[in-house]
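Observations on the three-dimensional arrangement
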Amino acid sequence: MMKTAVIYATKTKHSKKLAEAIGLSLNINVQNITENPALHDVDLLFIVGGIYGGASMPALLSYIKTLEAPVPKYAALVTSCASGNQRQHGSQYT
């Protein structure tokens, strides 16, 4: 069976609501990155965060960069933005 985790970062609590909806549908608890969740033996990781000023939250990006082996096999990035002109531009994940 695939082990799944859901983490999120939020300023406005909108990403928390999205993460909780995913967690509810998968019957798993979600974790805020401020809790520094341990992601041992995770096969599928949902990463939920908002777009602010055209970019993902720096705290979320920093947290993701701290992940050490073994990293999750698969990841799904879930983002949202309240304003059409604030959407994320280009790749920040190099």
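This report concerns the structure included in the present document. Quantities reported herein were computed from a predicted structural model and do not represent experimental measurements. (Residues numbered from 1 in each chain as written. Predicted model: local features only at pLDDT ≥ 70, side-chain atom pairs only at ≥ 80, totals over all residues. Heavy atoms only, no water.)

Description of the overall build of the protein
Going by this rule: Helix and strand definitions follow DSSP, with helices as H or I runs of at least four residues and strands as E runs of at least two, each counted in order from the N terminus. Only protein chains enter the accessibility calculation, which uses a 1.4 Å probe; a residue whose area is less than 20% of its type maximum is buried, one above 50% is exposed, and one in between is partly exposed. Note on contacts: a residue pair qualifies if any of its non-hydrogen atoms lie within 4.5 Å across the two residues. Accessible surface area values rest on a Shrake-Rupley calculation with a 1.4 Å probe, where residue burial reflects the displayed protein chains alone.
Helix and strand counts for the protein come out as two helices and five strands. Listing each helix as α and each strand as β along the protein from the N terminus yields β-α-β-β-β-α-β. Of all 94 residues assigned to the protein, the portion counted as buried reaches 33%. For the protein, restricting intrachain contacts to residue pairs at least 6 apart in sequence, the fraction spanning at least 24 positions comes to 79%. When the accessible surface of the protein is totalled, it reaches about 6100 Å², and 54% of it is carbon and sulfur.

Digging into the nonpolar core
Here is the rule we go by: Only buried residues count toward a nonpolar core. Its members are Ala, Val, Leu, Ile, Met, Phe, Trp, Tyr and Cys residues joined through side-chain atoms within 4.5 Å.
Formed by A5, I7, A9, I33, L39, V42, L45, I47, M57, L60 and Y63, the largest nonpolar core amounts to 11 residues. Those elements giving two or more residues to this core turn out to be β1 (4–9), β3 (44–52) and α2 (58–65). The greatest single-element share of this core, amounting to three residues, is contributed by β1. Not counting residues within four places of it along the chain, the set of residues in contact with L45 comprises A5, I7, L39, L67, P72, Y74, A75 and A76.

What about α2?
The test is simple: To be clear, the arc concerns the directions from the helix axis to the C-beta atoms.
Taken as a whole, α2 has its buried residues at L60, L61 and Y63. Buried residues in α2, looked at end-on, bunch into an arc of 160°, giving them a common side. Within α2, the exposed residues directed more than 90 degrees away from the buried face are P58 and K65. On its buried face, α2 sits against β1, β3 and β4 (55–56).

Topic: the environment of D41
Positionally, D41 belongs in the loop between β2 (30–32) and β3. Since its relative accessible area comes to 59%, D41 is described here as exposed. D41 sits 31 residues away from P72 along the chain, and the two C-alpha atoms are 7.1 Å apart.

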